[in-house]
Amino acid sequence: MKNLSRYNLIVISIISLSVILPWIYWLSFEKPIPKPFVMYSCVDDCFMIRGSENGKSYRMNEHGEMFTREEFEQKLPLLNIRQLMISRTLPDSIKGVEMDPHVVNKARSFYRYKPSTKNAPKPGLYPMFESESGRAKLEMPEDFFRINSRMEFIDADRNKINEAKTALFTGALQHFGFKFPAKMIEGIPTTRKSCDEGYFVVDNADQVFHVKMEQGQPYVQQVEIPKGLIFKHIGCVDFRNKLFYCYLIGHDHNIYIITQDDYYLKRLPVDEFNPENQQLRIYSDLFNYNVIALAEDFMKVTVLDDNMEKVDVFYKSWKKRSERPEGKVFSYLFPLQLNLVDENNAFINFYFHLTKGFNWIILHIVLLGSHFLIIRKRKAKLKNHIVDFGIVLVSGLFGFLAVNIFPNKLND
Amino acid sequence: MLKSMIYKEWLKIRWFLIGAAILGLFIIAYMFMNVQRSITFQGANAVWYNILFLNKMIFGIMKYVPLLIGIGIGVAQYFPETVNKRIKLTFHLPLFENRALMMMLSVGMICLLLTYLLHFMVFWMLSNYYFAHEITVASLITITPWFLSGLAAYFLVGLIVLEPVWKYRILYAFAAAMFVPLYLKSGMIGAYGPINIPLALLTVLISVSLLFSAYRFRKGEM
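Residues numbered from 1 in each chain as written. Chains lettered and ligands numbered in written order. Predicted model: local features only at pLDDT ≥ 70, side-chain atom pairs only at ≥ 80, totals over all residues. Heavy atoms only, no water.

Draft legend 1. Just the overall build of chain B, in detail. When its secondary structure is counted, chain B shows 9 helices and 0 strands. Ordered by position in the sequence, the α and β elements of chain B form the string α-α-α-α-α-α-α-α-α. If you line up chain B on its principal axes, its C-alpha atoms span 65 × 30 × 25 Å. Taking all 222 residues of chain B together, the buried fraction comes to 55%. Restricting the contact set of chain B to residue pairs at least 6 apart, pairs at least 24 apart contribute 84%. Carbon together with sulfur atoms contributes 73% to the accessible area of chain B, which is approximately 9,900 Å² in total. (Helix = DSSP H or I, 4+ residues; strand = E, 2+ residues; numbered from the N terminus. Buried < 20%, exposed > 50% of the residue type's maximum accessible area, 1.4 Å probe, protein only. Contact = heavy atoms within 4.5 Å. Areas by Shrake-Rupley, 256 points an atom, 1.4 Å probe, with all protein chains shown as cover.)

Draft legend 2. Summary view of the environment of glutamate 197 of chain A. All names here are of chain A. Looking at the element boundaries, glutamate 197 is found in the loop between β11 (184-187) and β12 (199-202). Measuring from C-alpha to C-alpha, the distance between glutamate 197 and lysine 242 comes to 11 Å, with 45 residues separating the pair along the chain. Glutamate 197 has contacts with His210, Val211, Lys212, Tyr245 and Gln260, leaving out every residue within four places of it along the chain. A distance of 2.9 Å separates the side chain of glutamate 197 from the side chain of lysine 212, its partner in a polar contact. (Polar contact = N/O pair within 3.5 Å; in protein donor to acceptor, adjacent residues only side chain to side chain.)

Draft legend 3. Here's a closer look at the pairing of strand β8 (residues 143-147) of chain A. All names here are of chain A. When you tally the buried positions in β8, you get 5 out of 5 residues, the bulk of the element. Side chains of β8 alternate between two faces, with Asp143, Phe145 and Ile147 and Phe144 and Arg146 buried alike. Alignment of strand β7 (residues 126-127) against β8, held across 2 bridges, turns out to be antiparallel. Within the sheet, the bridge partner assigned to tyrosine 126 lies in β8 and is phenylalanine 145. One ladder, built from 5 bridges, connects β8 with strand β9 (residues 151-155); its direction is antiparallel. Opposite aspartate 143, over in β9, you have aspartate 155 as the bridge partner. Taking the residues that link successive antiparallel strands as the turn, the β8-β9 hairpin has 3 residues. (Pairing = 2+ DSSP bridges.)

Draft legend 4. Structural detail: helix α1 (residues 2-42) of chain B. Residue and element names in this part refer to chain B. If you check α1, its first and last C-alpha atoms are 56 Å apart, about what 41 residues at 1.5 Å a residue would give, namely 60 Å. In α1, a bend of some 55° at isoleucine 13 exceeds every other bend along the element. Phi turns positive one or two residues past the end of α1, at glycine 43, with a value near 100°. (Expected span 1.5 Å × (residues − 1). Bend = angle between axes of the 7 residues up to and from the residue.)

Draft legend 5. Seen up close, the interface of chain B and chain A. The partner chain A presents 48 residues to the 50 residues of chain B that form the contact. Buried surface at the junction of chain B and chain A, both sides included, amounts to about 4,100 Å², of which 74% is carbon and sulfur. Together, Asn45, Met178 and Phe212 of chain B form the three largest contributors to the area buried by chain B at its contact with chain A, with a combined 16%. At the surface where chain B touches chain A, the tally comes to 1 salt bridge. In this structure, arginine 146 of chain A engages glutamate 134 of chain B in a salt bridge whose closest nitrogen and oxygen atoms are separated by 2.5 Å. Linking chain B with chain A are 9 residue pairs in polar contact (both at pLDDT 80 or more). At the level of elements, α2 (44-54), α5 (97-130), α6 (133-162), α7 (166-179), α8 (196-205) and α9 (210-219) of chain B are the ones that each hand at least two residues to the side of chain B that touches chain A. At 7 residues, the largest contribution of residues to the side of chain B that touches chain A is made by α7 of chain B. For the side of chain B that touches chain A, the class distribution of residues is 37 nonpolar, 8 polar and 5 charged. (Buried area = accessible area lost by both parts, 1.4 Å probe. Salt bridge = Lys/Arg side-chain N within 4 Å of Asp/Glu carboxyl O. Nonpolar A, V, L, I, M, F, W, Y, C, P; charged D, E, K, R; others polar.)

Draft legend 6. Representation of α2 of chain B in the model. Residues and elements named next belong to chain B. In terms of residue burial, α2 counts as a mostly covered element, since 8 of its 11 residues are buried. Buried within α2 are the following residues: Ala44, Asn45, Val47, Trp48, Tyr49, Asn50, Ile51 and Leu52. Looking one or two places after α2, you find asparagine 55, whose phi comes out positive at around 55°.

Draft legend 7. Structural view of the domain arrangement of chain A. Residue and element names in this part refer to chain A. Entries for chain A in the domain assignment read domain 1 (2-31 + 326-405), domain 2 (37-107) and domain 3 (112-267). Here domain 1 and domain 3 have C-alpha centroids that lie 48 Å from each other. For domain 1, the biggest contributors to the area lost against domain 3 are Asn344, Ala346 and Phe347; these three give 79% of the whole. Put simply, domain 1 and domain 3 have 0 salt bridges between them. (Domains from an automatic or database assignment.)

Draft legend 8. Local environment of the sheet that holds strand β22 (residues 310-317) of chain A. All names here are of chain A. Read across the open sheet, the 5 strands follow the order β6-β19-β20-β21-β22; overall the sheet is antiparallel. Two strands lie at the open edges of the sheet, namely β6 (109-113) and β22, each paired on one side alone. Neighbour-to-neighbour, the strand axes of this sheet turn through a mean angle of 10°, independent of strand direction. Relative to β22, strand β21 (residues 298-305) is paired through 7 bridges, and the arrangement is antiparallel. By the bridge assignment, leucine 304 is partnered in β22 with lysine 310. (Axes fitted to C-alpha atoms, helices over the stretch in contact; angles between N-to-C directions.)

Draft legend 9. How the structure looks around the packing of aromatic side chains. Scanning all chains against the criterion turns up 47 aromatic pairs over all chains. For the pair phenylalanine 178 of chain A and phenylalanine 209 of chain A, a centre-to-centre distance of 5.1 Å together with 55° between the ring planes defines the contact as tilted. Residue phenylalanine 178 of chain A is found in the loop between α6 (163-175) and β11, and its partner phenylalanine 209 of chain A is found in strand β13 (residues 208-214); the two are separated by 31 residues along the sequence. Relative accessible area serves as the criterion here: at 5%, phenylalanine 178 of chain A is assigned to the buried category. Judged by centre distance (5.9 Å) and plane angle (55°), the rings of phenylalanine 59 of chain B and tryptophan 146 of chain B are tilted. Placement of the pair is phenylalanine 59 of chain B in the loop between α2 and α3 (65-82) and tryptophan 146 of chain B in helix α6, with a sequence separation of 87 residues. There is no split in this pair, since phenylalanine 59 of chain B and tryptophan 146 of chain B are both buried. (Phe/Tyr/Trp six-rings, centres within 6.5 Å; stacked < 30°, edge-to-face > 60°.)

As structure tokens, then:
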């Protein structure tokens, strides 16, 4: 039992050390990766790039032509419209379209997706707003709904199910062939939006429905989707131009939209986007959509025109953290890293990151030798320490510290 | 003799245990009084909304309470054993030493578990009264590692207090200070879902850690 208690303590120490030591290392030595800001210029029809290298910032286009800040802002007039208006350098028109700030702002939108948005605990309960209340402001309802074996409304004040409303909405969903329970419920559950468009719900058969409440009555609409297409994420939007309800990310790694009112599912001509480990940013203006996929070691900007047809693609890569000098030093020190949090996941878990290669073996052998000397100095029998040697050889610094915090003097 | 040993352990921890149980109940009562007040002033829908979508932890105040109770009971139970090395008397009883130690550990652990169970059940019942199932489940997932941290701290306090050599006491405290925060990471409500079972298993692993330092103690390690 005494040996068991010691090895248990060593296990928990190795786990703790493999969280703490790499964390301290990165806290001390990690350097930022200079990811550039890239946007398509509607003036020059080419990519504009702003970034920094060796501590110096630069502004240039994709052909390498350098610009001052003012010149750079003029190349992206729709992004910098307020600044250009102040400095009176905003052109009257671009591509024959008059530069009316109201029109420019209406067309402008921004959407952001992070994998941790999808990989996160879901609330399970959602407020169903009244979409046609006739009031200027949206009001928070008194109840919340869930969709399990039926669409249940729970009155928050009484913490009891509103059976009448539940039956009404459940019946409406059943009428449209909804298969309970829901797999995904996505909407914009806040009163701070221009209007309410309810929720997009994926049922148990991966069908997509639009569900909202109009004057107390359910509004349900099924969206026609190709057979076999399963959505991994739906990001509802509230843009001023009201062209579409949401961005959808399919299991086929394509990005889609559902157009407003006619529920047409349209695929964006963007190459593979992996929602598990890439971020997505979509900036739109009067002329273009800049679809930016951001991964650990590259960015890809796909520019679409206002009809969502592909115009151009920009790609830039950089070294991963593990391939940079500080990552290489890390690979000589630690065989693995254990994290409780992950940038692609909002759940707390044990995230193992094995170090590529076997550079750490050198340190492990040195530590093995050191441990051998410690044991010899104590004049202990080596055969009683074979397991400890194994632990040091496999887990390196973590194991070396652990076996010496809890020394094996039990059998000496 | 076992009865007497259980009684001895009970005598050591009873007042702290009763105080901790009452304090925990007061804190839970205080939390739900705040909930009631928020519901009265803002409406239940606003309170639900804040928890579901704004990640407001109404129960955040109890995060370190189980940890403090675990440390307190550990100190109350094991520290008297180190005064004049009284634990050596236990080792002289006609019992296997490990059995005697496990008996000590079991008494403290069961008392601690019963206190936690009381707090957990009261929290569960009150949460069920005010909130829907989804909020209660996510809340219970969130507070579970806090209770596990208390259990882990109790086991580690036994390890540290019974260790005879100060140098190692400090090293054990250092190891404990690295390990216990694994239970207390901040995150979204319900974020601890995937890790609660692995953390419970790790807590079981360290439950016998007391035997390590107790063995060193009775060997007369200096």
